[in-house]
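An overview of the molecular structure
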Amino acid sequence: MLPLGPSEVDPKSIDLWVVSHGGVASNAICDHLEANGIRTRPDNYGLICHKQHPGTSINKPILVIHGDYLDAIRSMDRRKYLTANAAKMCLGVNAPEIPLSRFLQSFPNDPIGLSAFLESFKRAKSQAIDKVAFLRYPYSNKEADSALKSIGITTDLTGFSLRERKKKLSPRSKDVKAILEIYQNFNFEE
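Regarding the overall build of the protein chain
Scanning the protein chain for helices and strands turns up eight helices and three strands. Reading the secondary structure of the protein chain in the N-to-C direction produces β-α-α-β-α-α-α-α-β-α-α. Taking 2.2 N^0.38 as the reference for a compact globule, 190 residues should give roughly 16 Å; the C-alpha atoms of the protein chain span a radius of gyration of 16 Å, in line with that estimate. Dimensions of the protein chain, computed from C-alpha atoms along their principal axes, come out at roughly 45 × 35 × 35 Å. The buried share of the protein chain, taken over its 190 residues, is 49%. A total of about 9,600 Å² of accessible surface is found on the protein chain, and carbon and sulfur atoms cover 50% of it. Taking the 26 positively charged and 21 negatively charged side chains of the protein chain as two groups, their mean positions are separated by 3 Å.

Some remarks on the packing of helix H3 (residues 69–78) against helix H8 (residues 174–182)
Viewed as axis vectors pointing N to C, H3 and H8 meet at an angle of 160°, and their least axial separation amounts to 10 Å. Classified by the angle their axes make, H3 and H8 are roughly antiparallel. The two elements H3 and H8 cross, and the hand of that crossing is right-handed. Along its contact with H3, which presents Leu70, Ile73, Arg74 and Asp77, the element H8 presents Val176, Ile179 and Leu180. Residue composition of the contact of H3 with H8, grouped by class: five nonpolar, no polar and two charged.

What counts, and at which threshold
Residues numbered from 1 in each chain as written. Predicted model: local features only at pLDDT ≥ 70, side-chain atom pairs only at ≥ 80, totals over all residues. Heavy atoms only, no water. Helix = DSSP H or I, 4+ residues; strand = E, 2+ residues; numbered from the N terminus. Rg over C-alpha atoms; globule rule 2.2 N^0.38 Å. Buried < 20%, exposed > 50% of the residue type's maximum accessible area, 1.4 Å probe, protein only. Areas by Shrake-Rupley, 256 points an atom, 1.4 Å probe, with all protein chains shown as cover. Lys, Arg positive; Asp, Glu negative; His and termini not counted. Charge placed at Lys NZ, Arg CZ, Asp CG, Glu CD. Axes fitted to C-alpha atoms, helices over the stretch in contact; angles between N-to-C directions. Parallel < 35°, antiparallel > 145°, perpendicular 65-115°, else oblique. Left-handed = near helix turned anticlockwise from the far one by under 90°. Contact = heavy atoms within 4.5 Å. Nonpolar A, V, L, I, M, F, W, Y, C, P; charged D, E, K, R; others polar.

Right, here's the structure in full:
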């Protein structure tokens, strides 16, 4: 089990910080980048992969993968990661035991921290704190290559492709339904 955190990014252990709100195949691109010699997974990767930007420079390029918000929420819920990712995005800790109802109560306009998470990286980019590239899911290899090059990362994406999203329909709790309703019209502009 991962420690609660909060956990800081260790710039010495990575070449690129890949973050996402979850449910957008960030692990798939990390696997490919790691296989091509680009370090994206430090020991505390599970704690920092959904963490907001700290507001001070980490001195490493950052790739923020986001998009397809409602299906991403459904995907996280289906795989039982929604509460854990909400705790990381809202609080910076690994606390999957906090019920979604508490996030809905504490953060009624942004219960899983999606907006706060993305805005933290937008601020870091606009204030030139770090080199930040946004990559909207689903994306092509050409779009991924362009985003990576914009922050100084050159790699070969040959052989990488996004798999089709699983669309398994499963029952949703009332809390997840409420969360989907809140984010129904959510759109982040980079």
